[in-house]
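Secondary and tertiary structure notes
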Amino acid sequence: MKKAIEICEVGPRDGFQSISCMQIPTETKIEIIEELLSSGVKHIEFTSFVSPKAIPQLADASDVTRAVLERHPDADLFALVPNLRGASTAYSLGLRKVCYVVSLSKSHNKANINRTHEQSLDAFKEIRAAYPDLDIVVDLATTFGCPFEGKYNDPDAVVSFLADYVNAGMKACCLCDTIGIADPAQVKAVLSAVRTAYPDLWLAVHFHDTRGLGMVNTLTAMEAGADEIQSTLGGLGGCPFAPGASGNLATEDIVWMLNEMGYETGIRFSSILAAAKHEASVITGNYSGHHINIEKETPCRL
Ligand code: COA
Ligand code: ZN
């Protein structure tokens, strides 16, 4: 029997938000989301409802939402929100799932969202109470280390930080390596501690590939019980409020590896690679990923 794993594409949010050299046309964003869906991607974080001054690239969030929801009302499409206002806008447009971001690092939480930890928890409770039927994934940014505070080495600190959120009704959480500083031993320790403390919590992981450890960290997290892994088409990405943050783990890389390993990803490699190349041609100019010649060199399973 094939092993299943959920792959969540976060490029249209985490990837696009990092592009500051051009405003990606709304139609291009929609086109790329369509290509992801037709490649077999089932879960997509496709925009965010944040201040347009903080992230000008995603100022068209409402237009993108209307277009994709009209064409794909049943797909698992969700957006990032930093506060009740963002959640209200998302909800009014018809979204029933969001991710809500808070950083383990106090200083990154301030730089990213301009809040203290107490204010972030209050805002989560506010959204939870205002929209009881909204699925909320809590994105824990800087789980493994922070651009201002350095690397973390205490898995119990993650567990105790999450306790208030679990008590406030959190059912799903994504542990995010915002700056790509995690290593596999740390990933194993953190995932195991969180899994043991909260066995019913639905757990996703999100790795940036700053040090080339995105794949091995993801695989380690899967082995330690992650339910979903996040990645971006072409490895695009990086938080504009985390100095030095680089791109995410590339979706086409992880899809190739997991398909080869016999996982049931549901994503066709040739199709996701074509989408990555198309995205590169319209955004960064050329595709520089690992798989440029792979169709010629290697027979792929999908
Ligand atoms: N959607 C759109 N606009 C919003 C908003 C939302 N959800 N929340 C606040 N705003 C607007 C306000 O109207 C205000 O606009 P104005 O300057 O024209 O009056 C401005 O944003 C600032 O709002 P304020 O309530 O004073 O918040 P702030 O300055 O403390 O900023 C955030 C807080 C959360 C709005 C802002 O830091 C933010 O959007 N951060 C997003 C960070 C992000 O996306 N990081 C990458 C992903 S992890
Ligand atoms: Zn990220």
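Up top is the structure.
Cut-offs used in this document
- Per-chain numbering applies: the sequence of each chain, read as written, is numbered from 1 onward.
- Written order decides the labels, with chains lettered from A and ligands numbered from 1.
- The predicted nature of this model means local features are confined to residues of pLDDT at least 70 and side-chain atom pairs, given and counted, to a pLDDT of 80 or more, with totals for whole chains, interfaces and linings taken over all residues.
- Side-chain calculation: all heavy atoms of the structure are included, whereas hydrogens and water are not.
- Definition of nearness: a residue and a molecule or strand are near each other if at least one heavy atom of the residue lies within 4 Å of the molecule or strand.
- Here a polar contact is recorded for every N or O atom pair within 3.5 Å, except that within protein the pair must consist of a potential hydrogen donor and a potential acceptor, and residues adjacent in sequence are included only if both atoms are side-chain atoms.
- Methods summary: accessible areas were calculated by the Shrake-Rupley approach with a probe of 1.4 Å, and residue burial reflects only the protein chains presented.
- Helix and strand definitions here come from DSSP, where helices need a minimum of 4 consecutive H or I residues and strands a minimum of 2 consecutive E residues; each element is numbered from the N-terminal end.
- We call a set of buried residues a nonpolar core when its members are Ala, Val, Leu, Ile, Met, Phe, Trp, Tyr or Cys and they connect through side-chain atoms within 4.5 Å of each other.
- Under the scheme applied here, a residue whose accessible area is under 20% of the maximum for its type counts as buried, over 50% as exposed, and between as partly exposed, the area being computed with a 1.4 Å probe on protein chains only.
- Should any heavy atoms of two residues lie within 4.5 Å, those residues are counted as being in contact.
- Sodium, potassium and calcium take a 3.2 Å donor cutoff, other metals 2.8 Å, and in both cases only N, O and S atoms count; water is not among them, so sites may look incomplete.
- Salt bridges are defined by distance alone: a side-chain nitrogen of Lys or Arg within 4 Å of a carboxyl oxygen of Asp or Glu.
- Should DSSP find at least two bridges between two strands, the strands are regarded as paired.
- Angles shown run from 0 to 180 degrees and are taken between the N-to-C directions of axes, each axis being a line fitted to C-alpha atoms and, for helices, limited to the stretch in contact.
- Relevant arc is that of directions from the helix axis to the C-beta atoms, nothing else.
- Note on aromatic contacts: the rings of Phe and Tyr and the six-membered ring of Trp form a pair at centre separations within 6.5 Å, being stacked when their planes are under 30 degrees apart, edge-to-face when over 60 apart, and tilted otherwise.

Residues in close proximity to ligand 1 total 17 residues, the closest being Ser51, Lys53, Arg85, Asn112 and Asn114. Here an oxygen atom of ligand 1 and a side-chain polar atom of Lys53 are 2.7 Å apart. Contact distances for ligand 1 include 2.7 Å between a nitrogen atom and a side-chain N or O atom of Asn112. When ligand 1 is considered free in solution it has 940 Å² of accessible area, and contact with the protein chains removes 66% of it. Listing elements by their share of the shell around ligand 1, those giving two or more residues are α4 (84–92) and α5 (106–113).

The next thing to look at is the nonpolar core. By size, the foremost hydrophobic cluster in this structure holds 89 residues, and its most contacted members are Leu162, Tyr165, Leu175, Leu191, Val194 and Leu258. Here Leu162 is in contact with Leu140, Met170, Cys173, Leu175, Val194 and Tyr198, once residues within four sequence places are set aside. If you look at the next biggest cluster of nonpolar residues, it comprises 13 residues, including Phe78, Ala141, Cys174 and Ala204.

Before going further, it helps to examine the coordination of the zinc ion (ligand 2). Looking at the zinc ion (ligand 2), one finds its protein donor set to be Asp14 (OD), His206 (NE2) and His208 (NE2), positioned 2.0 to 2.1 Å from the metal centre. Spacing between the donor residues of the zinc ion (ligand 2) along their common chain follows D-x191-H-x1-H. With a gap of 194 residues between them, Asp14 in helix α1 (residues 11–15) and His208 in the loop between β10 (202–207) and α9 (214–223) connect regions that are remote in the sequence. Assessed through its relative accessible area of 3%, Asp14 is described here as buried.

According to the stated counting rule, one finds 9 salt bridges in the structure shown. Between Lys97 and Asp76 there is a salt bridge; the shortest N-O distance is 3.0 Å. Of this pair, Lys97 sits in strand β5 (residues 97–103) while Asp76 is found in strand β4 (residues 76–81), placing the two residues 21 residues apart along the sequence. Salt-bridge contacts for Asp183 lead to Lys151; the nearest nitrogen and oxygen are separated by 2.6 Å. Within this pair, whereas Asp183 is found in the loop between β9 (172–177) and α8 (184–197), its partner Lys151 is found in strand β8 (residues 150–151), the two being separated by 32 residues in sequence. Among the ionic contacts, a cluster of salt bridges with common partners joins Arg13, Asp14 and Glu45.

A word on the sheet that holds strand β6 (residues 135–141). Within the closed barrel, the 8 strands sit side by side as β2-β3-β4-β5-β6-β9-β10-β11. Their pairing is parallel. Neighbouring strand axes in the sheet, compared pairwise and without regard to direction, differ in orientation by 25° on average. Relative to strand β3 (residues 43–48), strand β2 (residues 6–9) runs parallel, the two being bridged by 2 bridges. Across the sheet, residue Glu9 finds its bridge partner in β3, namely Ile44.

This next bit is on the side chain of Asp60. Looking at the secondary structure, you find Asp60 in the loop between β3 and α3 (61–71). For Asp60, a relative accessible area of 10% corresponds to the buried category. Not counting the four nearest positions on each side in its chain, Asp60 is found in contact with Ile24, Thr26 and Lys29.

Turning next to α4. Those residues of α4 that fall on the buried side of the exposure criterion are Gly86, Ala87, Ala90 and Tyr91. All buried residues of α4 lie within an arc of 130° about the axis, which places them on one face of the element. Exposed and oriented more than 90 degrees from the buried face of α4 are Arg85 and Ser92. Gly94, located one to two residues past α4, shows a positive phi value of around 110°.

Moving on, we come to the environment of Pro132. On the secondary structure map, Pro132 appears in the loop between α6 (117–130) and β6. For the pair Pro132 and Gly169, spaced 37 residues apart in sequence, the C-alpha separation works out to 9.9 Å.

Now for the packing of aromatic side chains. Between two aromatic rings, the relevant description is the distance of the centres plus the angle of the planes. All chains considered together, the criterion is met by 5 aromatic pairs. Residues Phe144 and Phe207 carry aromatic rings whose centres are separated by 5.7 Å and whose planes lie at 35° to one another, so their mutual orientation is tilted. Separated by 63 residues along the polypeptide, Phe144 in the loop between β6 and β7 (145–146) and Phe207 in strand β10 bring together distant segments of the chain. Here the two residues Phe144 and Phe207 agree in accessibility, since each one is buried. With 5.7 Å between their ring centres and 25° between their planes, Phe161 and Tyr165 make a pair best called stacked.

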